[in-house]
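One letter stands for each residue in the lines below.
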Amino acid sequence: MKKYFVLVCAVLMLSSYTWAQEEFEEEDRFAVEYNFNEPGDQFINISLMATFPLNFGGSFPLYREGQLATGGAGSIGYHRFITSWFAIGMDLSFGYAPTIGENMFTYVPFTLCFTFQPSYKRFEFPLTFGIGCATESYLNRTYFPGLIIKPQAGVFYRATPSWSFGIRGEYMMMPQWYDDSQYDDIGHFASFAIAARYHF
């Protein structure tokens, strides 16, 4: 009889351990699903975008209204979370915009980015402020280093712990300052992007 009693106690102890393990795994799955970002987490961002010039009567002929048509851009960036809600990183982009004379205005911006990212379940809402410099080229003219300021806002869906996909809108300001201030001007652009982020 004692053997059976010991056996029943052993079975009950093992079964309680199994239930506890299942509960732990369920809690761990919940944490992985809804607490994606922790300090030290990183991601690589890749995006393609359509870019729309917003200038209205600048002094530089290229920035006058109607001189630039809708263009495009691509970017790649690396970012690291300092807290679960805040990340810093850098983006490198290449953009272009055709002119009415069938020439091409190109720019290559490099920006330092500061991102505040609230989230809800699998949705993430990054709000980013970027500042940096850009090389701007048109015909035989090159302007460097040009200041660039680029605020962004987006929404992403975390499809897996490693991948998120989303859309982003951004405004880009690129001033040009010369020794002769009569040539100073500011380029304004709006972009709409589709993006993928790889988290690790």
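For the structure, see preceding data.
What comes next concerns the included structure. (Residues numbered from 1 in each chain as written. Predicted model: local features only at pLDDT ≥ 70, side-chain atom pairs only at ≥ 80, totals over all residues. Heavy atoms only, no water.)

### Let's talk about the environment of isoleucine 194
Secondary-structure assignment places isoleucine 194 in strand β10 (residues 185–199). Note on isoleucine 194: relative accessible area 52%, which makes it exposed. Sequence separation between isoleucine 194 and isoleucine 46 is 148 residues, and the spatial gap between their C-alpha atoms is 8.7 Å. Other than its neighbours up to four places away in sequence, isoleucine 194 contacts Ile46, Ser47, Leu48, Gly166 and Ile167. (Helix = DSSP H or I, 4+ residues; strand = E, 2+ residues; numbered from the N terminus. Buried < 20%, exposed > 50% of the residue type's maximum accessible area, 1.4 Å probe, protein only. Contact = heavy atoms within 4.5 Å.)

### A word on the pattern of salt bridges
For the coordinates displayed, the defined rule picks out 3 salt bridges. For glutamate 124, the salt bridge is made with arginine 158, and the minimal N-O distance between the two is 2.8 Å. With glutamate 124 in strand β6 (residues 123–124) and arginine 158 in strand β8 (residues 141–158), the pair connects residues that are 34 residues apart, well separated along the chain. Each of the two residues, glutamate 124 as well as arginine 158, counts as buried. A salt bridge links arginine 168 to glutamate 170, with the nearest nitrogen and oxygen atoms 3.5 Å apart. Classification of arginine 168 as buried rests on a relative accessible area of 7%. The exposure class assigned to glutamate 170 is buried, which follows from its relative accessible area of 8%. The network of salt bridges with common partners includes Glu124, Arg158 and Arg197. (Salt bridge = Lys/Arg side-chain N within 4 Å of Asp/Glu carboxyl O.)

### Considerations on the packing of aromatic side chains
Geometrically, a pair of aromatic rings is defined through the distance of the ring centres and the angle of the planes. Per the stated rule, a full pass over the model turns up 9 aromatic pairs. A ring pair is formed by tryptophan 163 and tyrosine 198, whose centres lie 5.1 Å apart and whose planes are at 55°; its orientation type is tilted. Here the residue tryptophan 163 occupies a position in strand β9 (residues 163–176), and tyrosine 198 occupies one in strand β10, the gap between them amounting to 35 residues. Members of the aromatic cluster, connected to one another through ring pairs, are Trp163, Phe165, Tyr198 and Phe200. In this structure, arginine 197 is placed above the aromatic ring of phenylalanine 43, and the distance from its NZ or CZ to the ring centre is 4.7 Å. (Phe/Tyr/Trp six-rings, centres within 6.5 Å; stacked < 30°, edge-to-face > 60°. Lys NZ or Arg CZ within 6 Å of the ring centre and 35° of its normal.)

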